[in-house]
Amino acid sequence: MITLTEYGERVVDKINMLGMWLAVVVSIRNYLICYAQYRRTRGKIHLVNIGQVLVLLIHRFLYGIIPLFEITTCAYFPLLVS
């Protein structure tokens, strides 16, 4: 089993945090695209796409960004316990 030094752990944590923020930014971008398509066509499929994007955004926020900041006292913490 591989063990990391303290510096290695910090680097991996920073990379994970950047990846989660990138996923959130992409989710917001996808939401804006789906919303623009819905406004243009009024298609119900775009509402489904918006729902999927919002679920992914909430999932990334709850299970990705909050634990990286180690917020254990916030109101969402019971949702993080599996």
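Predicted, not measured: the structure shown is a model, and the values here were computed from it.

Chemist: I tried to follow unusual backbone geometry on my own but got confused; where do I start?
Modeler: A negative phi angle is the norm for most residues apart from glycine, just as the trans form is the norm for most peptide bonds. One non-glycine residue with positive phi stands out, namely R42, at about 55°. For R42, the position within the fold is in the loop between α1 (6-41) and α2 (44-68).

Chemist: Whenever I open this one, the environment of Q37 confuses me. Can you help?
Modeler: Within the secondary structure, Q37 is located in helix α1. Between the alpha carbons of Q37 and L47 there is a distance of 9.5 Å; along the sequence they are ten residues apart. Residues in contact with Q37, not counting those within four places in the same chain, are R42 and H46. Looking at Q37, its side chain comes within polar contact range of the side chain of H46, at 3.3 Å.

Chemist: What's the story with the packing of aromatic side chains in this structure? I'm lost.
Modeler: Two measures describe an aromatic ring pair: the distance that separates the ring centres and the angle between the ring planes. Counted according to the given criterion, the structure contains one aromatic pair. Measuring from ring centre to ring centre gives 6.2 Å for Y31 and Y35, while their planes differ by 10°; the resulting arrangement is stacked. Taken as a pair, Y31 and Y35 lie in helix α1 at a separation of four residues, close to a single helical turn. Looking at Y31, the relative accessible area reads 29%, which means it is partly exposed. Residue classification places Y35 among the partly exposed positions, given a relative accessible area of 37%.

Thresholds, definitions, all that
Residues numbered from 1 in each chain as written. Predicted model: local features only at pLDDT ≥ 70, side-chain atom pairs only at ≥ 80, totals over all residues. Heavy atoms only, no water. Helix = DSSP H or I, 4+ residues; strand = E, 2+ residues; numbered from the N terminus. Contact = heavy atoms within 4.5 Å. Polar contact = N/O pair within 3.5 Å; in protein donor to acceptor, adjacent residues only side chain to side chain. Phe/Tyr/Trp six-rings, centres within 6.5 Å; stacked < 30°, edge-to-face > 60°. Buried < 20%, exposed > 50% of the residue type's maximum accessible area, 1.4 Å probe, protein only.

What is shown is where atoms sit, not what they do.
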